[in-house]
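Observations on chain architecture
Letter by letter, the chains look like this.
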There are 2 protein chains.
Amino acid sequence: MIRVLLVHDARLLRSGLAELLGKARDITATCTPWRSAERAARATRTDVCVADVDERNGESRDLTELMRHTSPPGCRLLVLATAGRPGPLRHAFEADALGFVNKDASPDQLLTAIRQVAAGERFVDPSLALGFLQASQLPLTQRELSVLSLAAEGASVAEIAASLHLTNGTVRNYMSAITRKTGARNRVDAICIAQRSGWL
Amino acid sequence: MIRVLLVHDARLLRSGLAELLGKARDITATCTPWRSAERAARATRTDVCVADVDERNGESRDLTELMRHTSPPGCRLLVLATAGRPGPLRHAFEADALGFVNKDASPDQLLTAIRQVAAGERFVDPSLALGFLQASQLPLTQRELSVLSLAAEGASVAEIAASLHLTNGTVRNYMSAITRKTGARNRVDAICIAQRSGWL
């Protein structure tokens, strides 16, 4: 049996996905929202963790933290992603995701991907290939994207600093670097450029 | 039997939702992405159309157009919405939606809502109530929100004009009104304010 932990914030959507997985005889699925994902990962023995990477992209440590808490430690990560959003894709890559499935894939494709990832093999949805190319050209580091995501949610410099365990000065330096690298007129412009480009 | 047409762009997610609905003996569900929703609405006899209103909020005519094409004409609209996003909620209200279900609801709540809406009764998820109040205080008209949504996606004035069947001058007038009403410094700032406030 492949034990899957399914992480998605909208209960209706994660229940639906769990229902799809439940039809496969070789898979048992447990599902959880992000806020209790680490606890669930510790409490449940998991072979493959399936997470919607479009959510929570602001908190770049989340996926890595989540995987650190999975039991047993060898658990694999498979992410559900959207074409045209290179930011979350790179985030997943940096968290050592082994599987990348398009949210527009068929249920059968998801099952195939889960089985492949459970066997330790990489799975990349061909329709996400362009996103990987875009991700490789993304001008901002993951840390800069985390700072910018929090700014986009309306957080102040002090709030961003507290959230990412940085000093206010360091956050300001990141914001200057972001504005410069994106060629933005100011911070607000940088946020818009990043959102339009699918980086956040 | 209640005939449900389920509209969601991500195939995995709509398949999962269809699977949930399929477990109820009094419901049959057909599902479709937005791009073929009108065709599906014409081709399939539908009692309740269930649509994820967080998607496609830029094109404000979509929900109304969709309902105009449903067969039979008396079909009811139930939307899946997110708390804290008053924009899509108002859009659904203006498209005469009868049901409003939180995406974080349980599968049973969705089934209850579908049965109630199919019987011609209104269903409003209590957890969305605050969003309605916020929607009533939203300073922009639905038309202004459509213009701003397209601008947020990176469309030029000419592209927005073509998409909404307006002249370039009218679009510029809308943009000025939007900037003034939101107290924004400029167009880019207005987009950020709107995204942070959950209007788009």
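Everything discussed here concerns the structure shown above.
Residues numbered from 1 in each chain as written. Chains lettered and ligands numbered in written order. Predicted model: local features only at pLDDT ≥ 70, side-chain atom pairs only at ≥ 80, totals over all residues. Heavy atoms only, no water.

A short note on the sheet that holds strand β5 (residues 99-102) of chain A
Within a sheet, each strand pairs with its neighbour through backbone hydrogen bonds, oriented either parallel or antiparallel. All names here are of chain A. So the rule is basically this: Strands are treated as partners if at least two bridges between them are detected by DSSP. Only runs of H or I of at least four residues qualify as helices and only runs of E of at least two qualify as strands under DSSP, and these elements are numbered from the N terminus. The contact criterion used is simple: two residues touch if any of their non-hydrogen atoms lie within 4.5 Å. Fitted lines through C-alpha atoms give the axes, limited to the stretch in contact for helices. The angle between two N-to-C directions lies from 0 to 180 degrees.
One open sheet accounts for six strands, arranged β2-β1-β3-β4-β5-β6; its pairing is parallel. Two strands close off the open sheet at either side, each with one partner strand: β2 (27-32) and β6 (123-124). Relative to strand β4 (residues 76-81), strand β3 (residues 48-52) is paired through five bridges, and the arrangement is parallel. Bridge pairing in β4 links Val48 to Arg76. Sitting on the sheet, helix α5 (residues 107-118) is in contact with β1 (2-7), β2, β3, β4, β5 and β6, with an inclination near 155 degrees to β4.

Concerning the environment of A:Phe123
All names here are of chain A. Where we set the bar: A 1.4 Å probe rolled over the protein chains alone gives each residue an accessible area, and that area as a share of the maximum for its type sets the label: buried under 20%, exposed over 50%, partly exposed in between.
Relative to the helices and strands, Phe123 resides in strand β6. Assessed through its relative accessible area of 14%, Phe123 is described here as buried. Residues in contact with Phe123, not counting those within four places in the same chain, are Leu98, Gly99, Phe100, Val101, Gln109, Thr112, Ala113, Gln116 and Val117.

Topic: the packing of aromatic side chains
All names here are of chain B. Put simply, the rule reads: Think of it this way: a Phe, Tyr or Trp ring, Trp meaning its six-membered ring, pairs with another when their centres are within 6.5 Å, and the plane angle makes it stacked under 30 degrees, edge-to-face over 60, tilted otherwise.
Applying the stated rule across the entire model yields two aromatic pairs over all chains. Ring centres of Phe100 and Phe132 lie 4.9 Å apart, and the angle between their planes is 85 degrees; on these two criteria the pair is classed as edge-to-face. Here Phe100 is found in strand β5 (residues 99-102), whereas its partner Phe132 is found in helix α6 (residues 129-136), with 32 residues between them in sequence.

A word on the pattern of salt bridges
Proximity of charged atoms lets side chains of opposite charge pair with each other. Let me state the cut-off plainly: Note on definitions: salt bridges are taken to be side-chain nitrogens of Lys or Arg within 4 Å of carboxyl oxygens of Asp or Glu.
Tallied over the entire structure, the rule returns 18 salt bridges over all chains. With a shortest N-O distance of 2.9 Å, A:Asp47 and A:Arg3 are connected by a salt bridge. Here the residue A:Asp47 occupies a position in the loop between α2 (37-43) and β3, and A:Arg3 occupies one in strand β1, the gap between them amounting to 44 residues. Residue class for A:Arg3 comes out partly exposed when judged on its relative accessible area of 28%. The partner of B:Asp54 in a salt bridge is B:Lys103, with the nearest N and O atoms 2.9 Å apart. Linking B:Asp54 in the loop between β3 (48-52) and α3 (61-68) with B:Lys103 in the loop between β5 and α5 (107-118), this pair joins segments that are 49 residues apart in sequence. Residues joined in a network through salt bridges with shared partners are A:Asp52, A:Asp54, A:Arg85 and A:Lys103.

Thoughts on the sheet that holds strand β1 (residues 2-7) of chain B
Residues and elements named next belong to chain B. Spatially, β2-β1-β3-β4-β5-β6 is the arrangement adopted by the six strands of the open sheet, whose pairing is parallel. Of all the strands in the sheet, just β2 (27-32) and β6 (123-124) have a single pairing partner and so form its edges. Bridge analysis of β5 against β6 gives two bridges, and the strand direction is parallel. For Gly99, the partnering residue across the bridge sits in β6 and is Phe123.

As for unusual backbone geometry
Within the chain, A:Asp96 stands out as a residue other than glycine whose phi angle is a positive 65 degrees. Tracing the sequence through the fold places A:Asp96 in the loop between α4 (86-94) and β5. A residue is classified by how much of its surface remains accessible, and A:Asp96, at 64% relative accessible area, is exposed. We note that B:His165 has phi near 55 degrees; this positive angle belongs to a residue other than glycine. Summarising the element assignment, B:His165 is placed in the loop between α8 (157-164) and α9 (168-182). In this structure B:His165 comes out as exposed when scored by relative accessible area, which is 69%.

Details of the relation of the copies chain A and chain B
Using the following cut-off: A residue counts toward the fit only if its pLDDT is at least 70 in both copies, and the copies are then superposed by least squares on the C-alpha atoms of those residues.
Each copy superposes on the other: chain A lies on chain B with an RMSD of 0.1 Å after a rotation of 180 degrees and an axial shift of 0.1 Å. Taken together, these values place the two copies in the relation of a two-fold axis. Residue A:Gly16, judged by its C-alpha, is the member of chain A lying nearest the rotation axis, at 1.9 Å. With an isologous cut-off of 70% or more, the 100% of interface residues of chain A that recur at the interface of chain B puts this contact in the isologous class.

Scope: geometric values only; no functional claims are made or implied.
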